[in-house]
Structure formats: C-alpha cells, structure tokens
Amino acid sequence: MKIFDENELKRLEGIEQEERSNTELKKKKPEDSLDLSSLSFSEQRKEHRKREKEKIKKMKGKERIYYLFQYYRSYLFITLAILAFLIIGAVLLYPETFDTKLYVIISNNLDDGQTGRYLEQNLTSYLNLAKKEKIMVNDSFLLKAYDENGKEIEIPTDKNGMNMDYGSYEYMEKVISMVQNKELDILISDQEYLTYFAGSNSLAELSSFLPADLYELLKDDLVTYRSSDKTEAFYGISLKNSRLAKEVPECALKNPTLGISVSAPHPENVVKALRFLFEQP
C-alpha cells in the first residue's frame, strides 16, 4: 500500500531542496555573492580589502599571524630588499660627503692600526676640523726597500713569518699615482722604504718646503738622499724624537721616517701636523 503517491513525493523533495537553498543563502552575506568583474578597478580593490579584513577578523591568534605572513610575505621581502639597498648605498656614499684635509700613508707597519688611529684622532683634534672634514690615514701599504745605491734590500717577515713584499709593486705604483694626481700629503715608513720615492722625485725637498723656524727645529732629524750624481738633499724626517715614538710604543717601524709628497694638496696642514708631532706650538 502506498502512503504517498508519486506526485506527492516530488512535491516534498522540491520543498526540502528549496529549504536547503534558503539556508545556504542565509549563511552568505550579500557582498560575498557580488561579482567583482562588474566593478571598476578601484572598487574591486576596495571590495577585496573589505573581504580580507572580514576574513582576518574571524581568525584566531596563530592562524591570523600565519595568514598575514603568507599574504604579505612578498611585500615584506621587497620592502626589506629596498631598505637594505638604501642602507648599503648610504654607508658607501656617506664617506664621500667628507672633505679630506690631510691624506697620510703608513707603510710596512704591522701594529694592528694603532699608529694610524693615533694620528687620525689626534690630528683631527689638533687641526680643529669641521664636522664634514676628515684626516685620511691608510696603513695597508707594503713597499719594497732600497739602499742609497738603488739596490733592493731583502724584505723582512712579520711576526707570523709572512713575507711583507706581497703586492708591493702594486702599492708603489699606487703611491706614485697618488703623488701625480695630487692626492697624497704624507708618507710614513722605515727610512729604507722611502729611498725609492726620493729617487723618483716623488718627495719634497725639505729645505725649501719647511718654514724657517720648523726647519731649524728639525735640522738634526732630517734624512738625506744622495742621488746618482752624488748630490744630497733632505727628503725625510726621522720620527724617533717625535710624539709618535713616545706615545705609540706599539709602532712596529724600526726607524720611522716621514716624507712629504712633492705635490701635497694640503701643505699648510702638513706643516701643522709636523708641529703637532714635534710639540711645536
């Protein structure tokens, strides 16, 4: 015996299906069913942001953090890359904004930079430099040594047994290039390392460079160079009696000698540096 005829069953199935559809529609918000393709680009972005905010609000702690990281990861990496590029650029370019008022090279001195730091700090103060002015001290140079006859002297080794003439020809060419380009003011090294530059006319003749009072003060510390035609000239100043020898005992130079570039771009500051080194007011 049939309880419902076939037509009645179809009618009941239709009612049930309609009720399911209504239930699903109630769960959805009107804006969720909105076709974004029908909106303008700006409206699409606005609607997208609105939906994302709603979605994030429904999430809990860790789930929200994970979602935000995944969603904004590419933006985060791009931002960090841009920041890194700007920081590196600033670090590289910032020193270029300073005006160098004295350029000093210290060669063959393996004292872990103590001599260089002493000169940089004290001369900066003594010369009363402005905020954007600096003393440049380069203590990375390794030069070859020659005697007065132009004969190369055997290069010593450092405390680790490393031969100090590694790359020395390159450094010597760099010094000469800086002299020619009027970049170098002072060269400090052991006396025998300056002989080559005296012979190549890279160092100033001190009797004509120094002011009369300073020449008189330093005459006993002047170092001579005898050229091939047997003429002598003062090309260096021994620093054994200077502040450098007294206040930087770590200086590894056995016979520290100072030479002045024949084209020194800051001759007035070179003279002031000498007055500081020899405690001359």
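The structure this text deals with has already been given above.
In this report, the structure presented in the accompanying data block is examined. (Residues numbered from 1 in each chain as written. Predicted model: local features only at pLDDT ≥ 70, side-chain atom pairs only at ≥ 80, totals over all residues. Heavy atoms only, no water.)

So, the environment of Asp213
Considering the arrangement of structural elements, one finds Asp213 in helix H8 (residues 212-218). Taking the C-alpha atoms as reference, Asp213 lies 9.8 Å from Gln280; in sequence the two are 67 residues apart. For Asp213, the residues in contact, after removing those within four places along its chain, are Arg275 and Gln280. (Helix = DSSP H or I, 4+ residues; strand = E, 2+ residues; numbered from the N terminus. Contact = heavy atoms within 4.5 Å.)

Section: the packing of helix H4 (residues 114-126) against helix H10 (residues 267-277)
Their axes nearest at 11 Å, the elements H4 and H10 cross at an angle of 110°. Relative to H10, the element H4 is oriented roughly perpendicular. Mapping the contact onto sequence places Tyr118, Leu119, Asn122, Leu123 and Tyr126 in H4 and Lys272, Ala273, Arg275, Phe276 and Leu277 in H10. Of the residues belonging to the contact of H4 with H10, the class tally is seven nonpolar, one polar and two charged. (Axes fitted to C-alpha atoms, helices over the stretch in contact; angles between N-to-C directions. Parallel < 35°, antiparallel > 145°, perpendicular 65-115°, else oblique. Nonpolar A, V, L, I, M, F, W, Y, C, P; charged D, E, K, R; others polar.)

Focus: the nonpolar core
Side chains that are nonpolar tend, in soluble globular proteins, to be buried together. Leu119, Ile188 and Leu258 are the most contacted members of the largest nonpolar core, which totals 34 residues. Mapped by element, the contributors of at least two residues to this core are strand S1 (99-107), H4, strand S2 (133-141), strand S5 (186-190), H8, strand S8 (256-260) and H10. Here the element with the most residues in this core is H10; it accounts for six residues. Apart from residues lying up to four places away in sequence, Ile188 is in contact with Val104, Ile105, Ile106, Ser107, Leu119, Leu239, Leu253, Thr257 and Leu258. (Core = buried A, V, L, I, M, F, W, Y, C linked by side-chain atoms within 4.5 Å. Buried < 20%, exposed > 50% of the residue type's maximum accessible area, 1.4 Å probe, protein only.)

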